[in-house]
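Close look at the chain arrangement
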Amino acid sequence: MESALSDPHNGSAGARSPPNGTTRPPSTPEGIALAYGSLLLMALLPIFFGALRSVRCARGKNASDMPETITSRDAARFPIIASCTLLGLYLFFKIFSQEYINLLLSMYFFVLGILALSHTISPFMSKFFPASFPNRQYQLLFTQGSGESKEEIINYEFDTKDLVCLGLSTIVGVWYLLRKHWIANNLFGLAFSLNGVELLHLNNVSTGCILLGGLFIYDVFWVFGTNVMVTVAKSFEAPIKLVFPQDLLEKGLEADNFAMLGLGDIVIPGIFIALLLRFDISLKKNTHTYFYTSFAAYIFGLGLTIFIMHIFKHAQPALLYLVPACVGFPVLVALAKGEVTEMFSYESSAEILPHTPRLTHFPTVSGSPASLADSMQQKLAGPRRRRPLNPSTIYEDSNSKDPAAATDSGPEKKDK
């Protein structure tokens, strides 16, 4: 089978070539089917569970788990930033020693992978701890400045269970750092994907269309238009792709003929699918039509990518097939249901959740600070009916000894 390579940023389905340039014996049909089926399953897991966790993340109270919102400006700039990063890595690998660059990247992703994997397994591991487990709460707080100018830099809350998960994740990290085993690589890759879908939130559908459309062009250009992506993919050693051996049945866990899928082909469509799940919930119809439609569209698009790659024996930009499917299918459903306006007017970042008190308008108050504080308390406490003012009331208020009352009555007395 002719070798193909994946995009290190956005990714494409493909197969890794042997490092020494020698040819491999052709993989069996069973091995190829197992490899691509496993890649498809591994891609679906972080999208499905990451989308569910993105809903809980949006409703969460922990400041350390607050999502990062992607605006339309961010979406428009992202393909340009990704292209500059890709080209920069290409120049780095051309100028500097590949060994030292990969050493730095390995240490960087070692730390990130441990944190990502710990955050991923923490909710699942909590169910296995007994009720008598001594769980203590901790808070990591870094501030800058003092007094009223103090500003929080890091505010992370965790407990003893999180420390246990961090220890288990460190074992996986050391395993990956020493062996670069494909199972450790996939554990980190799945953790990165799930965290990306959970914590990266598109603010609306239009922003999602801008992001997916821009990366659609980016993926096609760098895969088919130049050799930059192929060169970087050959040189880049980091858990930024999911891999599965096609010769697993013959060689077991020591197999080395891998099919691969870049994490970008999971995270980028995944955050759009997660947005549609939150849109489904906002409709309050107890159905997840758009989520299931986009999820099925992703399966169709990725399956089509694998099929075409297998037929033509060449790496494929997966977003070439995923973007039209993941965007087109939900829009067609919205057209059929007459909900296109609701879909494109939905603002994920504008949701006012039950636990989040927000001030919807600010009072206009002139006078002393005491008057401002009193007025703010009244607004936050709720609406209060004001009785109509008459000349006698104005006169009494103007003679009041309370500075706040005198200030509040000032405009009316001046009008008189």
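Since this is a predicted model, take the numbers as computed values, not measurements.

Description of the overall build of the chain
- Broken down by element type, the chain carries 16 helices and eight strands.
- Split into buried and exposed, the 416 residues of the chain put 42% on the buried side.
- The long-range share in the chain, meaning contacts at least 24 apart out of those at least 6 apart in sequence, stands at 74%.
- Surface accessibility of the chain: about 22800 Å² in total, with carbon and sulfur atoms responsible for 63%.

As for the UniProt feature "transmembrane region" (unreviewed entry) in the chain
- Per the UniProt record, "transmembrane region" (unreviewed entry) is found at residues 33-55, 75-93, 100-121, 199-224, 258-277, 289-312 and 318-336.
- What you have in residues 258-277 is 70% helix and 25% strand, and the ends, taken at the C-alpha atoms, are 33 Å apart.
- Counting secondary structure, residues 318-336 comes out at 95% helix and 0% strand; the distance between its end C-alpha atoms is 27 Å.

Some details on the packing of helix α1 (residues 29-59) against helix α5 (residues 182-199)
- α5 packs onto α1 with a crossing angle of 35° between their chain directions and a minimal axis gap of 7 Å. Between α1 and α5 lies a crossing of right-handed hand. Here M42, P46, I47, F49, G50, A51, R53, S54 and C57 of α1 lie close against α5, whose contacting residues are N186, L190, S193, L194, V197, E198 and L199.
- Counted by class, the contact of α1 with α5 contains ten nonpolar, four polar and two charged residues.

Notes on the side chain of E339
- Mapped onto the elements, E339 comes out in the loop between α11 (319-337) and α12 (340-345).
- Judged by its relative accessible area of 7%, E339 falls in the buried class.
- If we skip the residues at most four places from it in the chain, E339 touches L283, K285, Y290 and A334.

A short note on the side chain of D159
- For D159, the location among the structural elements is in strand β4 (residues 151-159).
- Buried charge without a salt bridge: D159, with K161 as the nearest opposite-charge side chain at an N-O distance of 6.2 Å.
- Those residues in contact with D159 that sit more than four places away from it in its chain are N135, R136, Q137 and Y138.

Digging into helix α7 (residues 228-235)
- Looking only at α7, the buried set comprises V228, M229, V232, A233 and S235.
- Where α7 is buried, its residues meet α2 (72-95), α3 (98-125) and α6 (205-225).

Considering the pattern of salt bridges
- Within the structure shown, the criterion is met by five salt bridges.
- The shortest N-O distance in the salt bridge between D74 and R77 comes to 3.3 Å. Placement of the pair is D74 and R77 together in helix α2, with a separation of three residues, close to one helical turn.
- Owing to a relative accessible area of 28%, D74 belongs among the partly exposed residues under this scheme.
- Notably, a salt bridge pairs K285 with E339, separated by 2.4 Å at the nearest N-O pair. Linking K285 in the loop between α9 (264-283) and α10 (289-312) with E339 in the loop between α11 and α12, this pair joins segments that are 54 residues apart in sequence.
- The class of K285 is partly exposed, set by a relative accessible area of 44%.

Considering the packing of aromatic side chains
- For the coordinates displayed, the defined rule picks out 18 aromatic pairs.
- Pairing F48 with F291 gives two aromatic rings, centres 5.9 Å apart and planes at 45°, and the pair type is tilted. Here F48, found in helix α1, pairs with F291, found in helix α10; they are 243 residues apart in sequence, far enough to count as distant.
- Taking relative accessible area as the criterion, F291 reaches 1% and is therefore assigned buried.
- A ring pair is formed by Y138 and F158, whose centres lie 5.6 Å apart and whose planes are at 20°; its orientation type is stacked. Of this pair, Y138 sits in strand β3 (residues 137-144) while F158 sits in strand β4, placing them 20 residues apart in sequence.
- Residue classification places F158 among the buried residues on the basis of a relative accessible area of 19%.
- An aromatic cluster is present here, built from F48, F49, F291, Y292 and F295 joined pairwise through their rings.
- A cation sits over an aromatic face here: K180 above Y176, 5.2 Å from the ring centre.

Side note on α2
- For α2, spanning 24 residues, the distance from its first C-alpha to its last is 35 Å, which sits close to the expected 34 Å at 1.5 Å a residue.
- Within α2, the axis deviates most sharply at F78, by approximately 35°, and proline P79 lies no more than four positions further along.
- Among the residues making up α2, those that are buried are A75, P79, A82, S83, L86, L89, Y90 and F93.
- Elements in contact with the buried residues of α2: β2 (68-70), α3, α6 and α7.

Here we look at the nonpolar core
- Among the nonpolar cores identified, the biggest contains 84 residues, and L39, V232, F236, I266 and Y298 are the most heavily contacted of them.
- Ranked by residues supplied to this core, first place goes to α9 with eleven residues.
- Discounting residues that sit within four places of it in the chain, I266 has contacts with A43, P46, I47, S193, V197, L242, L261 and Y298.

Parameters and conventions
Think of each chain on its own: its residues are numbered from 1, step by step along the sequence as written. Only residues with pLDDT of at least 70 are given local features in this predicted model, and only at 80 or more are side-chain atom pairs given and counted; all residues enter the totals for whole chains, interfaces and linings. Calculation of side-chain values draws on the structure's entire complement of heavy atoms; hydrogens and water are dropped beforehand. Helix and strand assignments follow DSSP, with helices taken as H or I runs no shorter than four residues and strands as E runs no shorter than two, numbered in order from the N terminus. Buried means the residue's accessible area, taken with a 1.4 Å probe over protein chains only, is under 20% of the maximum for its type, while exposed means over 50%, and partly exposed covers the values in between. Contacts between residues were defined by any pair of non-hydrogen atoms, one from each residue, lying within 4.5 Å. Here the open area of atoms and residues is found with the Shrake-Rupley method and a 1.4 Å probe, where only the protein chains shown may cover a residue. UniProt positions are given in the numbering used here, feature names are shortened, and annotations may be inferred rather than shown by experiment. For every element, the axis is a line fit to its C-alpha atoms; helices are fit only across the contacting stretch, and the angle between N-to-C directions ranges from 0 to 180 degrees. Helix crossings are classified by the rotation of the near helix relative to the far one: an anticlockwise turn of less than a right angle makes the crossing left-handed, while a clockwise turn makes it right-handed. When residue character is reported, Ala, Val, Leu, Ile, Met, Phe, Trp, Tyr, Cys and Pro are called nonpolar, Asp, Glu, Lys and Arg charged, and the others, Gly included, polar. All tallies of charge rest on Lys and Arg as positive and Asp and Glu as negative; His and the ends of each chain are not included. A carboxyl oxygen of Asp or Glu within 4 Å of a side-chain nitrogen of Lys or Arg is what we treat as a salt bridge. To pair, rings of Phe, Tyr and Trp, with the six-membered ring standing in for Trp, must have centres within 6.5 Å; the planes then decide the type, stacked if under 30 degrees apart, edge-to-face if over 60, and tilted in the middle. Note on geometry: a ring has a charge over it if NZ (lysine) or CZ (arginine) is within 6 Å of the ring centre and within 35 degrees of the ring normal. Here a helix's expected span is defined as the number of its residues, less one, multiplied by 1.5 Å. The angle between axes fitted to the seven residues ending at a residue and the seven residues starting there is what we call the bend at that residue. Nonpolar cores are built from buried Ala, Val, Leu, Ile, Met, Phe, Trp, Tyr and Cys residues. Side-chain atoms within 4.5 Å join them into one set.

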